[in-house]
Amino acid sequence: MTKRTARAFLGKAAVVCLAAGLAFGASWQAGDHGQGVAMSMGDASPSNLLANGGFEVSSWTHNTLYWTPDGGPYNDPFGEIFSPAGWTTWWREGFPCATGYTFDEGRPEVHVIDLDDGFPDAMRVRSGTRAVKQFTYWRCHEMGLLQRVNAVPGAHYDLKAYGHAWHTTCSSKPHSPPLDNDCETPLLDSWDRLQVGIDPTGGLDPHGSSVVWSVPVEQYDGYGQRIELPGAQASSAQITVFLRSECNFPLRHNDVYWDDVELQRVERLYFPFVVLP
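Presented here is a report on the structure given in the accompanying data block. The structure presented is a predicted model; accordingly, all values stated were derived computationally and were not measured. (Residues numbered from 1 in each chain as written. Predicted model: local features only at pLDDT ≥ 70, side-chain atom pairs only at ≥ 80, totals over all residues. Heavy atoms only, no water.)

### As for the overall build of the protein
Within the protein, the secondary structure is distributed over one helix and 16 strands. Looking at the protein residue by residue over its 277 residues, the buried ones come to 45%. Within the protein, contacts between residues separated by at least 24 positions form 76% of all contacts whose residues are at least 6 apart in sequence. (Helix = DSSP H or I, 4+ residues; strand = E, 2+ residues; numbered from the N terminus. Buried < 20%, exposed > 50% of the residue type's maximum accessible area, 1.4 Å probe, protein only. Contact = heavy atoms within 4.5 Å.)

### Thoughts on the environment of Q134
By the secondary structure assignment, Q134 is in strand β9 (residues 130–136). On the basis of relative accessibility, which here comes to 0%, the residue Q134 falls in the buried class. Along the chain, Q134 and V112 lie 22 residues apart, while their C-alpha atoms are 8.8 Å from each other. Contact partners of Q134, with chain neighbours within four places excluded, come to T89, E109, V110, M143, G144, L145, N254, D255, V256 and W258. A distance of 3.0 Å separates the side chain of Q134 from the backbone oxygen of G144, its partner in a polar contact. (Polar contact = N/O pair within 3.5 Å; in protein donor to acceptor, adjacent residues only side chain to side chain.)

### Description of the pattern of salt bridges
Taken as a whole, this structure holds 13 salt bridges when the rule is applied. For the salt bridge of D114 with R130, the shortest nitrogen-to-oxygen distance reads 3.0 Å. Highlighted residues: D114 in strand β8 (residues 109–114) and R130 in strand β9, separated in sequence by 16 residues. Each of the two residues, D114 as well as R130, counts as buried. Notably, a salt bridge pairs R193 with E218, separated by 3.3 Å at the nearest N-O pair. Of this pair, R193 sits in strand β12 (residues 192–199) while E218 is found in the loop between β13 (212–213) and β14 (227–233), placing the two residues 25 residues apart along the sequence. (Salt bridge = Lys/Arg side-chain N within 4 Å of Asp/Glu carboxyl O.)

### Considering unusual backbone geometry
Of note, the bond from G72 into P73 is cis; its omega dihedral lies within 30 degrees of zero at 10 degrees. Turning to its location among the elements, P73 is positioned in strand β5 (residues 71–74). The residue F55 is not glycine, and still its phi comes out positive at about 60 degrees. In this fold, F55 is placed in the loop between β2 (36–43) and β3 (60–61). Non-glycine residue D260 carries a positive phi angle of around 55 degrees. Mapped onto the fold, D260 is located in strand β16 (residues 253–272).

### Looking at the nonpolar core
L159, I198, L243, W258 and L263 are the most contacted members of the largest nonpolar core, which totals 33 residues. Sorting the residues of this core by element identifies β10 (141–150), β11 (156–168), β12, β14, β15 (238–247) and β16 as the ones contributing at least two each. Not counting residues within four places of it along the chain, the set of residues in contact with L159 comprises L50, V196, G197, I198, I227, E228, L229, V241, F242, V261, E262 and L263. (Core = buried A, V, L, I, M, F, W, Y, C linked by side-chain atoms within 4.5 Å.)

### Some points on the state of the cysteines
This model, assessed by the stated rule, comprises one disulfide. Covalent S-S linkage joins C97 and C140, the inter-sulfur distance amounting to 1.9 Å. Residues C97 and C140 share a disulfide whose torsion about the S-S bond is about -90 degrees; that sign makes it left-handed. Of the two residues, C97 sits in the loop between β7 (88–92) and β8 while C140 sits in the loop between β9 and β10, which places them 43 residues apart along the sequence. Exposure remark for C140: the relative accessible area of 0% places this residue in the buried category. (Disulfide = S-S within 2.5 Å.)

### Regarding the sheet that holds β5
In a beta sheet, neighbouring strands pair by backbone hydrogen bonds and run either parallel or antiparallel. Taken together, the seven strands give an open sheet; going across it, the order is β5-β4-β7-β10-β15-β12-β13, and neighbouring strands pair in mixed fashion. The sheet is open, and its two edges are formed by β5 and β13, each paired on a single side. Relative to β13, β12 is paired through two bridges, and the arrangement is antiparallel. If you follow I198 over to β13, its bridge partner there is V212. (Pairing = 2+ DSSP bridges.)

### Observations regarding the environment of A155
By the secondary structure assignment, A155 is in the loop between β10 and β11. Considering only alpha carbons, one finds A155 and P200, 45 residues apart in sequence, at a separation of 9.9 Å. Filtering out sequence-adjacent residues up to four positions away, A155 remains in contact with A232, Q233, A234 and R265.

### Notes on the side chain of R130
Classification of R130 by relative accessible area gives buried; the value is 17%. One polar contact links the side chain of R130 to the main-chain carbonyl oxygen of E56, over a distance of 2.5 Å. Among the polar contacts listed, one links the side chain of R130 to the side chain of D114, at a separation of 3.0 Å. Non-local contacts of R130, meaning those with residues more than four positions away in its chain, are made with G54, F55, E56, V57, S58, V112, I113, D114, V125 and D259.

Now the structure itself:
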């Protein structure tokens, strides 16, 4: 076989392999070593590795983890924080609001909302009958939920969640356009950004240097795009999942809703190839 024939053959084979991979929804990226192609084959384990990822369990705890300028983490229970079963509420308290406003971040209030228990706003629940609500009142915040799960060192994990924020300066609750002008913040730079993250070492500090975060998303007044962090690689026998919300201004209502959080292990296959001289 001549070099030209070999190149043509390998080129056709590569095209066939690439087409097959795309047909199965594979995601391609440059290999980390040698010459080759690394391919994620999707969900190797279709089950959700998180406990109560959809927040459908009706029970709750007062589990907390928080930090202040004096230190932390602290884990005091608070009567206004009802963490969903399997999760711990985390936040930072007393630190300056994001973007330099002269206000401090406050402690959130948290509870599971339940349509079957009379919660009046069905759009805040994406699936099932329950979701989780976290909010601050006349306070900015950096807050979220966390859960530590068992993992396989070296394995890769995809984290996906749905969330959205709703904030306003009035007491009523406009839910769809047209919104009342007096119920909308006049601050054009007011925002609430949502992220999901994984600490591959199993650490519990959302500000830890090992935490890998998704791109921040501003999703307002309704579930929309899914917030995703693909392919985080575990480096220990446990990893920690984080949901995070950060708003920059202490409005009357700074509400955040989460639902349908999934953690799945994914396989990465490596296909080496040779380059003919």
